[in-house]
Amino acid sequence: MNSQRSHLFLWRGRALVVGPGIDSKFHAHFATQLTWGLDAPFQARLAPDQPWTTTRAAVFASNQPHQIQCDATLLAHLFIELPQRSQSMPSVLLASFDRAADFASVRSALGHGRNGSLELEDAERAMQDWLSCAALGDAAQQQIDPRISQALAWIDHHPGAAVSGASLAADAHLSPSRFTHLFRQQTGLSLSRYLLWSRLLDGVEAVARGDNMTNAAHHAGFADLAHMSRTFRHTFGVVPSELQKMAIAFKRD
C-alpha cells in the first residue's frame, strides 16, 4: 500500500488520521484535536499575526482557530468530542503528551499506521493510550444501561432516519430530561452530537463502499451534499472529498 496515503480510523465521537500533513488555512472545528509529527516537528499558530511555533506535539481546543504548516511531514491527528465541562481546555502548541512513558506504544502503532499495517483494534488501543498521555483518558468503563443500549441499537439499525429524544425517551420509559442526562452520562456525548457522528459514520461507510459523495450524503440522512460537507468540515476541518484519498476503517459501536 502507498506509504504516503492517509489512513482514517473512525469511531463515534473520535477519529484518528495518519498520513502526509497538508498545509492548512486558518480554520476551527468542534472536536478537540491532538496532533503529533511522526518524523519531524511541524509549525502551528493560533492567529494570523502570531509567529509560527515549531513543535512536535500540539493540542487545539474545540472551536479554536488554528493553522498548520508542515512541508508534507507525516502527521497523526486525533479528534475527540469532549464532555461540555471540558470544552474550556486551552490550546497548547508545545504539548508534552509525547514525553509520557506510555506514548511509546502510541508511537509504535502510528509507525504501523503510516504504511497501512495498523488494524482497527490496535488503532483503538493507541487512541486510548494517547488520550491517557494527554490526561484526557476516559474514566473506568462502565456497563451501558440497557435503556441506553436499546436507543443506540435503534439508531444503529436506522441509518439516516429522523429521530427525536422524546421518542427515544418514551421507548426507554424515561422522561425526556432523565433520558438526556443518562444518554450523555453513558456515551459522553449529547444525543444531537451522537446523531451527527452516526451520520458521519454512515456517510464514511457509503464512501468506503464506493458510493459517490452525493449518494453518501443522502444515505446518511443529510439534506444534501452541502449539508454533509459543512458538518464534516466543522468536525474535522477538511471537506469530505478528502475521504476519497484515504484508506478507511471504522467501528460502528
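Scroll up a little and you will see the structure.
In this report, the structure presented in the accompanying data block is examined. (Residues numbered from 1 in each chain as written. Predicted model: local features only at pLDDT ≥ 70, side-chain atom pairs only at ≥ 80, totals over all residues. Heavy atoms only, no water.)

For the structure on display, the rule yields 8 salt bridges. Close ionic contact of Arg193 with Glu81 constitutes a salt bridge, the shortest N to O distance being 2.8 Å. Taken together, the residues Arg193 in helix α6 (residues 191-209) and Glu81 in the loop between β8 (74-80) and α1 (103-113) connect sequence positions 112 residues apart. Take Glu81: its relative accessible area is 7%, and that puts it in the buried class. Residue Asp211 is joined to Arg209 by a salt bridge in which the shortest nitrogen-to-oxygen separation is 3.2 Å. Under the relative-accessibility criterion, Asp211 is labelled partly exposed at 25%. By relative accessible area, which is 48% here, Arg209 ends up partly exposed. (Salt bridge = Lys/Arg side-chain N within 4 Å of Asp/Glu carboxyl O. Helix = DSSP H or I, 4+ residues; strand = E, 2+ residues; numbered from the N terminus. Buried < 20%, exposed > 50% of the residue type's maximum accessible area, 1.4 Å probe, protein only.)

On the basis of which strands lie adjacent, the open sheet formed by 3 strands has the order β5-β4-β7 and antiparallel pairing. Each edge of the open sheet is held by one strand with a lone partner, namely β5 (53-55) and β7 (67-69). Across the sheet, the mean angle from the axis of one strand to that of its neighbour is 35°, orientation sign disregarded. As defined by bridge partners, strand β4 (residues 42-45) adjoins β5 across 3 bridges and the pair is classed as antiparallel. Within the sheet, the bridge partner assigned to Ala44 lies in β5 and is Thr53. (Pairing = 2+ DSSP bridges. Axes fitted to C-alpha atoms, helices over the stretch in contact; angles between N-to-C directions.)

The next subject is the packing of helix α3 (residues 146-157) against helix α5 (residues 176-187). Relative to each other, α3 and α5 sit at 85°, their axes nearing to 10 Å. It follows from the interaxial angle that α3 and α5 lie roughly perpendicular. Contact residues: α3 offers Arg147, Ile148, Ala151 and Leu152, while α5 offers Phe179, Leu182, Phe183, Gln186 and Thr187. In the contact of α3 with α5, the residues fall into 6 nonpolar, 2 polar and 1 charged. (Parallel < 35°, antiparallel > 145°, perpendicular 65-115°, else oblique. Contact = heavy atoms within 4.5 Å. Nonpolar A, V, L, I, M, F, W, Y, C, P; charged D, E, K, R; others polar.)

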